[in-house]
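Below are the chains, spelled out letter by letter.
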Amino acid sequence: MTLSVYMLDSPFNLDKNEIKKAVKAIMNFRTQPEYINSLEIALFHPQIDAQSWNKLLDSRGASKAYQDKIYSEPMVRLLTLKALLIPKFLPEFLIWMQTAPKPDDCWKSCRKLQASIVTEYKKKSGGLPCLTRNVKDGIYSLLSRLITKPKSSKSDSTIKHKLRGLVHSKFDIPQLVKATKLLLTQKDGFWSQVYRVSFTKDLADALPKIPDLWEPGIITNYPEEQQKFLTNLQPFWRYPGKTDKNYLSLAQFFEEVEEPHFAAIFYQISTGEVPANIFYSLSRKGNVKKGTLFEMTLIRQKGWRDHIHSALYGDTYLVTDNLRLIIRGMVIGLLLGAIVLTTILLISSWWTSRYDKTLQASMDKKIADLEEKLKSAQASTTDTNNPETLTEISPENQERFNRTHEAIKAMIKNLTDDINKLETDDKNRIGIPENAHNDKMYIVLFCVKRRLGIDQNFQYGEIGKYNERWQEFSDAIKEYQKSKGANTPDGVIDKDGRIQRWLEEDIRNQCLNPHGG
């Protein structure tokens, strides 16, 4: 019986003893096709989740081997298997191997097991779709770990990365980059096979779609780790020019594994520009059209000779793209320069006429006026929509957001039946884009914004990240509370509270009612 028939005929009659038998056999390096098939079928089964795998693998000693640093061959194979079956465990697994007394021995055992799985993978016309999905999601988990924000202490001059829940509390990111490169480039490895054959294509397909994704955190139809990875990238497309230096290690990684198109994107994200050699290599291949790759505008890194050459001989589109910024900077510079120069002249005049009290008072007033103009000019150069000017949400506001978010999740559940009753024409009338017709969270948030009088471009996902965004949302809630006659409006929606009930009822009767307002 083929795997596909087995999966279709009996996905809900899985024999857990077969899974246990397969795990035990693979630990002992018996990787016959039936054991690999048992794992593939188990991954297809809807009731076998990460918790189930953890319980099963722990019964064979997985957690003990990890915590007590037991690096015997069977334990290395068992934890290799765990990293295949539970994607988010992959970074911890690599760190566990790298911190072994003899990491090369661990890698050898790990590679041998992978090679045996690759053999089965190549035999099947359809590959191993469930294992392949897990491997790809594990790679996303690994890439996400490479951009973990560093923490440092006064007693440790070298910046380390503290990884959550690990026996090894500190681990150098360069070491993890090295391990990641080894895992994804080693010969006959299952992770490297999937990385070459399908992961890079999937990532290339997903990146240009990021601008079309809706509210942060509402990405659907992706595995968990891929969803997290793409969600965290959304701000860089939404706010061109935003940078985050923590992505630099990811850019360097993709450069090392010779993926220049991904390296360019993450250099742009981390430093705001792309090294000239990478930019030119992509231009020659035709990947970069008018400075754009994966719907992101790239800025080539330039020295002074490049600037002169660009102005005189080429790169016309890059000059044009930056011309507005240059002119704007010149105008602001001239304005500020004129104000400062005028201020200096006035001050000089004040000193010359210091004995004339009447003139002194007049000059003081003019100086004050000019200082006010200077402040206004400086303020005009600040983009209030730029996330770089926002402050990270405080613990107090985070708690208020969490309460409100729980209430909104409850509203989504309570309004699901009402949403399901809506026809396509009703959703179009409401203003829901066609590609979000089946996204209940998007629809409810759309209605919440409408009822609170908030612009639809306001990103709900940012209110849990930035104080300014939370305050804007909270102020809108306060106004709604006042309109309902609340005596003490606090700007928070509590789960099952009266504000939730009022808002839910308004949405049901107005926004989701084909005949309502």
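Basis of the calculations
- Residue positions within a chain follow its written sequence, with the count starting from 1.
- Side-chain atom pairs in this predicted model are given and counted only at pLDDT of 80 or more, local residue features only at pLDDT of at least 70, and totals for whole chains, interfaces and linings cover all residues.
- Side-chain figures throughout are based on the complete set of non-hydrogen atoms in the structure, without hydrogens or water.
- Only DSSP runs of H or I covering at least 4 residues are called helices, and only runs of E covering at least 2 are called strands; the numbering of each starts at the N terminus.
- Think of it in three bands: residues with accessible area under 20% of the maximum for their type are buried, residues over 50% are exposed, and the middle band is partly exposed, with areas taken using a 1.4 Å probe on protein chains only.
- Any pair of residues with heavy atoms lying within 4.5 Å of one another is described as a contacting pair.
- Each accessible area value is a Shrake-Rupley result obtained with a 1.4 Å probe; residue values ignore everything except the protein chains displayed when judging cover.
- Expected helix span is computed as 1.5 Å times (number of residues minus one).
- Salt bridges are identified by distance alone: a Lys or Arg side-chain nitrogen within 4 Å of an Asp or Glu carboxyl oxygen.
- Summarising the geometry, the arc corresponds to the directions from the helix axis toward the C-beta atoms.
- A positive count includes Lys and Arg, and a negative count includes Asp and Glu. His and the chain ends are not counted in either.
- Pairing of N or O atoms within 3.5 Å defines a polar contact, subject to two protein rules: one partner must be a possible hydrogen donor and the other a possible acceptor, and residues neighboring in sequence count only if both atoms are side-chain atoms.
- Two rings from Phe, Tyr or Trp (for Trp, the six-membered ring) form a pair when their centres sit within 6.5 Å of each other. Planes less than 30 degrees apart are called stacked, planes more than 60 degrees apart edge-to-face, and all others tilted.
- In this scheme, Lys NZ or Arg CZ marks a charge over a ring once it lies within 6 Å of the ring centre and within 35 degrees of the ring normal.
- Our working definition of a disulfide is a cysteine sulfur pair at a distance within 2.5 Å.

A short note on the overall build of the protein chain
- Counting secondary structure elements, the protein chain contains 23 helices and 5 strands.
- Relative to its full complement of 517 residues, the protein chain shows a buried share of 47%.
- Sequence separation of at least 24 residues holds for 63% of the intrachain contacts in the protein chain that already meet a minimum separation of 6.
- As presented, the protein chain carries roughly 27600 Å² of accessible surface, and 51% of it is formed by carbon and sulfur atoms.

A look at helix H21 (residues 440-452)
- Over its 13 residues, H21 runs 18 Å from end to end, which matches the ideal 18 Å to within 8%, given 1.5 Å per residue.
- When H21 is considered as a whole, its buried residues turn out to be Tyr 442, Ile 443, Val 444, Leu 445, Phe 446, Cys 447, Val 448, Lys 449 and Leu 452.
- The inward-facing, buried residues of H21 contact helix H19 (395-420), helix H20 (424-430), helix H22 (467-483) and helix H23 (498-511).

Brief notes about the pattern of salt bridges
- For the structure on display, the rule yields 19 salt bridges.
- Here Lys 123 and Glu 120 are joined by a salt bridge, their closest N and O atoms 3.3 Å apart. Of this pair, Lys 123 and Glu 120 both sit in helix H8 (residues 103-123), separated by 3 residues, roughly a single helical turn.
- For Lys 136, the salt bridge goes to Asp 202, with nearest N and O atoms at 2.5 Å.

Quick notes on helix H4 (residues 50-58)
- Taken together, the buried positions of H4 are occupied by Trp 53, Leu 56 and Leu 57. Seen end-on, H4 carries its buried residues on one side only, within an arc spanning 95°. Away from its buried face, by an angle of more than 90 degrees, H4 presents the exposed residues Gln 51 and Lys 55.
- Taken together, the buried residues of H4 touch helix H2 (16-27), helix H3 (33-44), helix H5 (62-67) and helix H6 (73-85).

A closer look at the side chain of Glu 40
- When you line up the elements, Glu 40 lands in helix H3.
- Arg 133 provides the closest opposite charge to the buried, unpaired Glu 40, separated from it by 7.7 Å.
- Reaching out from Glu 40, the side chain makes a polar contact with the backbone nitrogen of Leu 131 at a distance of 3.1 Å.

Some thoughts on the packing of aromatic side chains
- In the structure shown here, the tally under the stated rule is 21 aromatic pairs.
- Here Phe 236 and Tyr 247 contribute two aromatic rings whose centre-to-centre distance is 5.2 Å and whose plane-to-plane angle is 75°, an arrangement assigned as edge-to-face. Placement of Phe 236 in helix H12 (residues 224-238) and of Tyr 247 in the loop between H12 and helix H13 (248-256) is noted, with a sequence separation of 11 residues between them.
- Look at Phe 236 and you get buried, because its relative accessible area is 5%.
- Note on Tyr 247: relative accessible area 5%, which makes it buried.
- A connected cluster of aromatic rings, assembled from ring pairs, spans Tyr 140, Tyr 195, Phe 199, Phe 229, Phe 236, Tyr 247, Phe 253, Phe 254, Phe 262, Phe 266 and Phe 294.
- The cationic tip of Lys 82 hangs over the ring face of Phe 89; the distance from NZ or CZ to the ring centre is 4.4 Å.
- The ring of Phe 29 is capped by Lys 112, whose NZ or CZ atom sits 5.2 Å from the centre of that ring.

Comments concerning the side chain of Asp 244
- In this structure, Asp 244 sits in the loop between H12 and H13.
- Setting aside anything within four residues of it in sequence, one finds Asp 244 in contact with Phe 236, Ile 269 and Ser 270.

With respect to the state of the cysteines
- Inspection of the entire model under this criterion finds 1 disulfide.
- Linked covalently through their sulfurs, Cys 447 and Cys 511 form a disulfide whose S-S length is 2.2 Å. Handedness of the Cys 447-Cys 511 disulfide follows from its S-S torsion of about -70°: it is left-handed. Highlighted residues: Cys 447 in helix H21 and Cys 511 in helix H23, separated in sequence by 64 residues.
- Free cysteine: Cys 110, not disulfide-bonded; nearest cysteine sulfur from Cys 106 at 8.9 Å.

Structural notes on unusual backbone geometry
- Despite not being glycine, Glu 295 has its phi angle at roughly 65°, a positive value.
- Structurally, Glu 295 can be placed in the loop between strand E4 (292-293) and strand E5 (296-297).
- Residue Glu 295 is classed as exposed on the basis of its relative accessible area of 55%.
- A positive phi is found at Asp 496, a non-glycine position, where the angle reads about 65°.
- Summarising the element assignment, Asp 496 is placed in the loop between H22 and H23.

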